[in-house]
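# Per-entry structural report
One-letter residues, chain by chain:
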Amino acid sequence: MSNTARKHTALPKAQTLIEALPWLTRHRGKTVVVKFGGNAMIDEDLKAAFAQDIVFLHHAGLKPVVVHGGGPQINAALDQAGLVSEFKAGLRVTTPEAMDVVRMVLAGQVQRELVGLLNQHGPLAIGLTGEDARTMTATKHQPVINGEAIDIGRVGEITAIDTGAITALLEDGRIPVVSSIARSQDDGHVYNVNADTAAAALAAALGAETLMVLTDVEGLYEDWPNSDEVISKLTASQLEKLLPELSSGMVPKMEGCLHAVRNGVTTARVIDGRVPHSILLEIFTDEGIGTMVVPDGTDEQGEK
């Protein structure tokens, strides 16, 4: 390769690295909670890229915390066990038998795989569930349909978070990987918690700089299905107005973002997990690629 050709290939790479500099400076030492889900969780290449991104954040001086669910894996395991998947109000009806499967899949399969992928890069990741060190405590969630509270079994909503174990792991330079299961404050049973909700509650409790939720869409659309323009930034109040119009799958994600920024998290972002390295693009480039939610009255200085 001639000298001139070398310079031509080197310069764009250098420019990309330099573009990351203000964001590196800004995010150093900050906690970022990432909800892992969707296609990024199933596709082997996307899984590997996700692990690289999280390790990159760690080495760039950020403190990543990963929260995961496991819908597709749970469905497959319930099928195998001959248990029917039933949904009410968009939530999985979780019998005690189904809960055993959910816990086994989340803590024993999905979490283990993620910990393994991260640890290919060093002795970094440690897996835990919301049960460990009382990280998450829940109460039974009873959704209201047509004015009536219905019983959907072992599905919980978070009532308390103890960040002690996660903070200790972060201080020790580790990457916590958290399965969204919690112990009940009422009956001692274990409950399944929506992972979007769990990630948002954890981000708020940790005083995280950023909550990032991986999805299978490009972000929040301006006027779906008439247009595929993505809203790149909106305030908490603007988001609240849009909530009633959103598709059921986006509701827990956007409610999570709203909860996070209303409770001390600086920015919450929904990003397309189908794009390899979407986390790095979102955190370290000027454009960003998803939808960012900011608290009301946020000044524009330095924001994307």
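Above: the structure in question.
Right, let's walk through the structure included here. Values in this document were obtained by computation on a predicted structure and should not be read as measured data.

The rules behind these values
- Residues numbered from 1 in each chain as written.
- Predicted model: local features only at pLDDT ≥ 70, side-chain atom pairs only at ≥ 80, totals over all residues.
- Heavy atoms only, no water.
- Helix = DSSP H or I, 4+ residues; strand = E, 2+ residues; numbered from the N terminus.
- Rg over C-alpha atoms; globule rule 2.2 N^0.38 Å.
- Buried < 20%, exposed > 50% of the residue type's maximum accessible area, 1.4 Å probe, protein only.
- Lys, Arg positive; Asp, Glu negative; His and termini not counted.
- Charge placed at Lys NZ, Arg CZ, Asp CG, Glu CD.
- Axes fitted to C-alpha atoms, helices over the stretch in contact; angles between N-to-C directions.
- Parallel < 35°, antiparallel > 145°, perpendicular 65-115°, else oblique.
- Left-handed = near helix turned anticlockwise from the far one by under 90°.
- Contact = heavy atoms within 4.5 Å.
- Nonpolar A, V, L, I, M, F, W, Y, C, P; charged D, E, K, R; others polar.
- Pairing = 2+ DSSP bridges.
- Right-handed = clockwise from strand over helix to strand, strands pointing away.

## Overview of the overall build of the chain
- When its secondary structure is counted, the chain shows nine helices and 18 strands.
- On C-alpha atoms alone, the chain measures out to a radius of gyration of 20 Å, which is about the 19 Å that the 2.2 N^0.38 rule sets for 304 residues.
- By its C-alpha atoms, the chain is 70 × 45 × 35 Å across when sized along the principal axes.
- The 304 residues of the chain split such that 47% are buried.
- Across the chain, the mean location of the 25 positive side-chain charges is 7 Å away from that of the 39 negative side-chain charges.

## Let's talk about the packing of helix α2 (residues 44-59) against helix α4 (residues 96-119)
- Put simply, α2 and α4 touch, their axes get as near as 9 Å, and they point 60 degrees apart. In terms of axis orientation, α2 runs oblique to α4. Of the two possible hands of crossing, α2 and α4 adopt the one that is right-handed. Contact residues: Glu44, Lys47, Phe50, Ala51, Ile54 and Val55 in α2; Glu113, Leu114, Leu117 and Leu118 in α4.
- When its residues are assigned to classes, the contact of α2 with α4 shows seven nonpolar, no polar and three charged.

## Some points on the sheet that holds strand β18 (residues 291-294)
- Read across the open sheet, the eight strands follow the order β5-β10-β2-β1-β13-β17-β18-β16; overall the sheet is mixed. In this open sheet, the two edge strands, each paired with only one partner strand, are β5 (125-129) and β16 (233-235). Across the sheet, the axes of successive neighbouring strands diverge by a mean angle of 20 degrees, strand direction being ignored.
- Note: strand β1 (residues 31-36) against strand β13 (residues 210-215), four bridges, orientation parallel. Residue pairing across strands places Lys35 opposite Val213, the latter belonging to β13.

## A few points about the pairing of β1
- Among the six residues that make up β1, six are buried, leaving the element largely enclosed by the rest of the structure.
- Side chains Thr31, Val33 and Lys35 of β1 all project onto a buried face; the interleaved residues Val32, Val34 and Phe36 project onto the opposite face, where all are buried too.
- Alignment of β1 against strand β2 (residues 63-68), held across six bridges, turns out to be parallel. Bridging from a neighbouring strand, Thr31 pairs with Lys63 of β2.
- Following the chain from β1 across α2 to the adjacent parallel β2, one finds a crossover that is right-handed.

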